[in-house]
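Letter by letter, the chains look like this.
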Amino acid sequence: MMNSARISAVVALILLTGVAIWGGTLHFLENGTNIAGEPLSPADRNEQVLLDGLADGHILYFKIEDYRMDRMIPGASDPPHRVIIENWWQPDTGEQGELNVVTVRDQDGGLLQYTQAIDGKYTTTYMSSGETMEMNIQWGSPAGWIDWIWNLPQSLASNPDFELKGIGELNGRATVIYEGWSDSKKARWEREFVEDAPLLLRRSIYRIDSEGVETMTVEETVVEYRLLPPGSSIPQLP
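Residues numbered from 1 in each chain as written. Predicted model: local features only at pLDDT ≥ 70, side-chain atom pairs only at ≥ 80, totals over all residues. Heavy atoms only, no water.

A. Summary view of the sheet that holds strand E7 (residues 162–170). Pairing is antiparallel across the open sheet formed by 11 strands, whose spatial order is E6-E5-E4-E3-E2-E1-E11-E10-E9-E8-E7. Of all the strands in the sheet, just strand E6 (132–136) and E7 have a single pairing partner and so form its edges. Geometrically, the sheet is characterised by an average inter-axis angle of 20° between neighbouring strands, direction not taken into account. Where strand E2 (residues 82–90) meets strand E3 (residues 99–105), 7 bridges bridge the pair, whose relative direction is antiparallel. Its bridge partner being in E3, Glu86 is matched across the sheet by Thr103. Here helix H3 (residues 42–55) sits on the sheet in contact with strand E1 (60–68), strand E10 (197–208) and strand E11 (214–227), set at roughly 60° to E11. Against the sheet, helix H4 (residues 142–150) makes contact with E1, E2, E10 and E11, and its axis sits at roughly 65° relative to E10, the strand it touches most. (Pairing = 2+ DSSP bridges. Helix = DSSP H or I, 4+ residues; strand = E, 2+ residues; numbered from the N terminus. Axes fitted to C-alpha atoms, helices over the stretch in contact; angles between N-to-C directions. Contact = heavy atoms within 4.5 Å.)

B. Molecular detail of the packing of aromatic side chains. Across all of its chains, the model carries 4 aromatic pairs by this definition. Taking the centre distance of 5.7 Å and the plane angle of 25° together, the rings of Phe62 and Trp145 count as stacked. Residue Phe62 is found in strand E1, and its partner Trp145 is found in helix H4; the two are separated by 83 residues along the sequence. Residue Phe62 is classed as buried on the basis of its relative accessible area of 0%. Considering the side-chain rings of Phe162 and Trp189, the 6.4 Å spacing of their centres and the 35° angle between planes classify their relative orientation as tilted. One end of the pair, Phe162, is in strand E7; the other, Trp189, is in strand E9 (residues 187–194), with 27 residues separating them in the sequence. For the pair Phe162 and Trp189, one class covers both residues: buried. Three or more aromatic residues joined by ring pairs make a cluster, and in this case those are Phe62, Trp89 and Trp145. (Phe/Tyr/Trp six-rings, centres within 6.5 Å; stacked < 30°, edge-to-face > 60°. Buried < 20%, exposed > 50% of the residue type's maximum accessible area, 1.4 Å probe, protein only.)

Next comes the structure, spelled out in structure tokens:
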């Protein structure tokens, strides 16, 4: 049995899909209207493209660059601080249920671990130890998750624990940056979003020592996402 620290680390990796962060490759619609007949904003238009694609059964692919100062991988004595996480998420088409596959690789492409989830049952395998762990996690539908992510900037704007820090840039696209602090945890958080495509985001955590010096402990950045063409399939795992 894994201890609670390992389980927490695994959950954090698997659930990166819920926090995560991206540089988009979708070709968004040029025009669109909402139900009331008013023109859609660029952000609403981009979300609608994703929702329509998922409704048609397209697979959602995204890629994350992930840094953790204290990464833990069972059986690995010196796990890398930086990894690449790829995720393929197929909505429930009524044939085989919802399917989600996640791979974690080092920066040289070496496979560190992989996860397969079918209808909320996640099975993770670690290459360094051969260990396998199973968990049941109910995320809701991919469409519901996208809607949640799309509303994160508005949620942070109204959250008294966060404030707008300024503007930035992510993969050449303008972003807004929110930050928050925790005196009890001695930490500062940053959440950065591309305004018209909030799925492109960066999440950072900084530890603050007794002298006020900050050290980044976590940084997750979504560097790519797209809907795969019709007929695409999720890659086969080892």
